[in-house]
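Architecture and fold: a report
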Amino acid sequence: MKIMKLLGFILLSVCTFGAEAKSVHVAVAANFSNTMKSLVKEFEKTSDYQIALSFGSSGKFYAQIKQGAPYELFFSADQAKPDALQKNGLVMANSRFTYATGRLALWSARPDFANKIETKLKEGTFNKLAFANPKLAPYGAATLEVLKYLSLIESTQSKWVRGENVAQTYQFVSSGNADLGFIALSQLLGTKKVKQDSYWLVPNYMHHPIKQDVVLLRSAEKSQGARAFLDFIHSNKAKNIIAEYGYLAPNSLNVEQDL
Amino acid sequence: MSLSDGDMATIWLTLRLATTVTILLLIFATPVGWWLARTKSWFKGPLSAIVALPLVLPPTVLGFYLLLAMGPNGAIGQFTQALGLGTLPFTFWGLVVASMVYSLPFVVQPIQNSIEAIGNRPLEAAATLGAGPIDRFFTVVLPLAKPGFMTATILGFAHTVGEFGIVLMIGGSIPGETRVVSVQIYDHVESLEYVQAHALSGVMIVFSFVVLLLLYTFQRKNKAVGMTYGS
């Protein structure tokens with residue numbers, strides 16, 4: 001009898017769980033996670049829709065979406081994955097736009113490097129230079145362009161260590177294993193502990209813009225919640241939050257001139 | 001199916017890493033397994049728990065703590081720097097040390113179990129015949145515990161080949177130094193190069209299957225001999 005009661009209880013809780021307000025499933029590139037949490041907080045203040053966030057690498061999300069993962073929106077870390085999904089006919093092409101443009105920063109956790117970050121890089125007086133794997137992460141590809149622009153590829157190559165993504169690159173630097181590391185500005189502004197003299201904001205003209213695109217998946221074509229959230233991302237309120245975290249929001253020219 | 005030079009380099013590196021780790025682990029784990037099998041000390045429980053600990057933490061988390069510990073501010077890092085060896089992350093030997101931690105239970109436990117299975121009697125008999133401790137180890141324990149050592153070798157090797165999370169964390173993906181096959185496959189998958197990923201994964205699966213098959217076939221024959229000896 002006890003078992004029957006327990007079964008009934010489980011059944012009941014499963015049913016009530018299913019009856020809850022339907023949430024919107026959103027896949028988000030890891031570098032945008034802090035920003036996205038703030039955006040969702042703001043969105044849910046005024047909306048009845050719940051946002052269920054999954055964070056991960058864009059490459060994994062691409063593979064999952066191709067195999068029918070139940071995401072409705074995909075905030076990629078680049079434009080290549082949305083491109084590929086679009087070619088496969090898996091996204092609503094007209095929904096796609098650049099929600100953020102990433103800024104690259106060269107950071108050191110060593111106090112004695114303060115204010116000398118750029119000089120240290122050019123002099124080559126550091127033990128290791130960490131950056132995200134250029135094959136996997138747009139921030140890594142941008143790093144290579146910057147090193148090329150500064151003609152530092154050959155002189156620094158023996159000191160390169162590559163993280164899987166910018167999060168791991170951050171760990172290489174914060175743990176003291178690498179003196180210098182190219183990471184996303186959003187990572188430094190997100191933690192708030194980082195002093196301004198501990199990083200060098202890489203000028204935009206040294207690399208191609210790190211554009212990050214969002215797409216509405218075809219399987220979620222009729223999802224009101226996903227559309228509502230996309231509209232919110234287009235709003236000025238959302239753009240301000242995105243800019244606060246160190247990204248260039250779409251059409252926010254004011255942030256672009258700080259070089 | 002064609003493998004690039006980069007893919008081949010990762011295969012050789014992986015084999016070099018797994019072989020080095022397996023040999024070092026067998027040397028290190030044998031006395032540990034021996035002691036755990038024979039001791040009545042109160043410390044047996046705590047030591048067994050420490051040996052089994054790497055099973056608990058997810059590899060990337062274990063890798064994260066090793067990165068901190070082996071870094072310039074960590075305990076291991078301070079020690080290696082004091083010895084004039086620099087720090088271990090981003091080096092081949094850093095991967096060796098990390099892999100030894102990660103594969104430790106897979107090598108210690110089979111050795112310990114097989115030595116426990118021998119029991120006291122063969123050793124006592126050998127002792128009454130005048131065999132010293134070292135003689136007893138090489139002429140009695142080693143032949144009788146051979147299946148355990150084989151299992152330890154297979155598991156240690158296979159587990160190191162399949163290692164991924166820790167390498168990703170402390171390796172830094174340096175070609176020829178820390179970029180192993182599992183990381184290379186992962187890079188291919190993440191950058192949507194599925195054809196290359198399939199090719200390299202295929203090679204790994206076939207190679208691993210053949211190695212495991214040979215070793216298990218050998219071990220089965222060996223076990224049969226051991227059993228007739230024991231009964």
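Residues numbered from 1 in each chain as written. Chains lettered and ligands numbered in written order. Predicted model: local features only at pLDDT ≥ 70, side-chain atom pairs only at ≥ 80, totals over all residues.

1. Concerning the overall build of chain B
Scanning chain B from N- to C-terminus turns up 11 helices and zero strands. Start at the N end of chain B and walk to the C end: the helices and strands fall as α-α-α-α-α-α-α-α-α-α-α. Projected onto the principal axes, the alpha-carbon positions of chain B cover approximately 65 × 45 × 30 Å. The buried share among the 231 residues of chain B stands at 36%. When contacts within chain B are restricted to residue pairs at least 6 apart in sequence, long-range pairs at least 24 apart make up 72% of them. (Helix = DSSP H or I, 4+ residues; strand = E, 2+ residues; numbered from the N terminus. Buried ≥ 20, exposed ≤ 12 C-beta atoms within 10 Å, placed from the backbone. Contact = placed C-beta atoms within 7 Å.)

2. Some details on the packing of helix H5 (residues 92–118) of chain B against helix H8 (residues 146–161) of chain B
Residues and elements named next belong to chain B. Look at H5 against H8: their axes get within 8 Å of each other, and the N-to-C directions meet at 165°. Accordingly, the angle class assigned to the pair H5 and H8 is roughly antiparallel. Crossing geometry of H5 relative to H8 is assigned as right-handed. For the pair formed by H5 and H8, the contact residues are Ser99, Ser103, Phe106, Val107, Pro110, Ile111, Asn113, Ser114 and Ile115 on the first element and Pro147, Gly148, Phe149, Thr151, Ala152, Leu155, Gly156, His159 and Thr160 on the second. A per-class count over the contact of H5 with H8 returns nine nonpolar, nine polar and no charged. (Axes fitted to C-alpha atoms, helices over the stretch in contact; angles between N-to-C directions. Parallel < 35°, antiparallel > 145°, perpendicular 65-115°, else oblique. Left-handed = near helix turned anticlockwise from the far one by under 90°. Nonpolar A, V, L, I, M, F, W, Y, C, P; charged D, E, K, R; others polar.)

3. So, the interface of chain B and chain A
Listed as interface residues are 18 residues of chain B and, on the opposing side, 16 residues of chain A. Mapped by element, the contributors of at least two residues to the side of chain B that touches chain A are helix H3 (59–70) and helix H10 (181–190) of chain B.

4. Details of the sheet that holds strand E7 (residues 160–163) of chain A
Residues and elements named next belong to chain A. Spatial strand order, E7-E6-E8-E5-E9: five strands in an open sheet with mixed pairing. Each end of this open sheet is capped by a strand with a single partner; those strands are E7 and strand E9 (199–201). Going from strand to strand, the sheet's axes swing by 25° on average, the running direction of each strand aside. Here helix H8 (residues 166–174) sits on the sheet and contacts strand E5 (104–107), strand E6 (129–132), E7 and strand E8 (180–184); the angle it forms with E8, its principal contact strand, is near 145°. (Pairing = 2+ DSSP bridges.)

5. Digging into the confidence of the model for chain B
Residues and elements named next belong to chain B. Of the residues in chain B, 95% reach a pLDDT of 70 or more, and the chain-wide mean stands at 88. Scored below 50 in pLDDT, residues 224–231 shows three contacts in the model against residues more than four places distant or in partner chains. Interface confidence in the predicted complex, given as ipTM, is 0.75; pTM for the same model is 0.80. (pLDDT = per-residue confidence, 0-100.)

6. Re the sheet that holds strand E1 (residues 23–29) of chain A
Residue and element names in this part refer to chain A. Ordered in space as E2-E1-E3-E10-E4, the five strands form an open sheet in which the pairing is mixed. The two strands at the open ends of the sheet, each matched to only one other strand, are strand E2 (50–56) and strand E4 (91–102). With direction set aside, neighbouring strand axes in the sheet form an average angle of 20°. By the bridge criterion, three bridges tie strand E3 (residues 73–75) to strand E10 (residues 210–217) in an arrangement that is antiparallel. Each residue of the ladder has a partner; that of phenylalanine 74, found in E10, is valine 215. In the packing of helix H4 (residues 80–87) onto the sheet, contacts are made with E4 and E10, and the angle to E4 comes to roughly 175°.

7. Some thoughts on unusual backbone geometry
We note that asparagine 115 of chain A has phi near 70°; this positive angle belongs to a residue other than glycine. Here asparagine 115 of chain A shows up in the loop between E5 and helix H5 (117–123). At serine 173 of chain B, a position not held by glycine, the phi torsion is positive, near 50°. Considering the arrangement of structural elements, one finds serine 173 of chain B in the loop between helix H9 (165–170) and H10. A tally of 25 C-beta atoms within 10 Å means that serine 173 of chain B is categorised as buried.

8. With respect to the domain arrangement of chain A
Interfaces are frequently sized by the accessible area removed from exposure as the parts join. Residues and elements named next belong to chain A. What the domain assignment reports for chain A is domain 1 (2–101 + 212–256) and domain 2 (104–201). Counting from both sides, the interface comprises 11 residues of domain 1 and, opposite them, 11 residues of domain 2. Of the residues contributing to the side of domain 1 that touches domain 2, the split by class is four nonpolar, six polar and one charged. (Domains from an automatic or database assignment.)

9. Overview of the pairing of E10 of chain A
Residue and element names in this part refer to chain A. A large share of E10 lies buried, amounting to seven of its eight residues. With seven bridges connecting them, E4 and E10 associate as antiparallel partners. Note that in E10 the partner of threonine 101 across the bridge is lysine 211.

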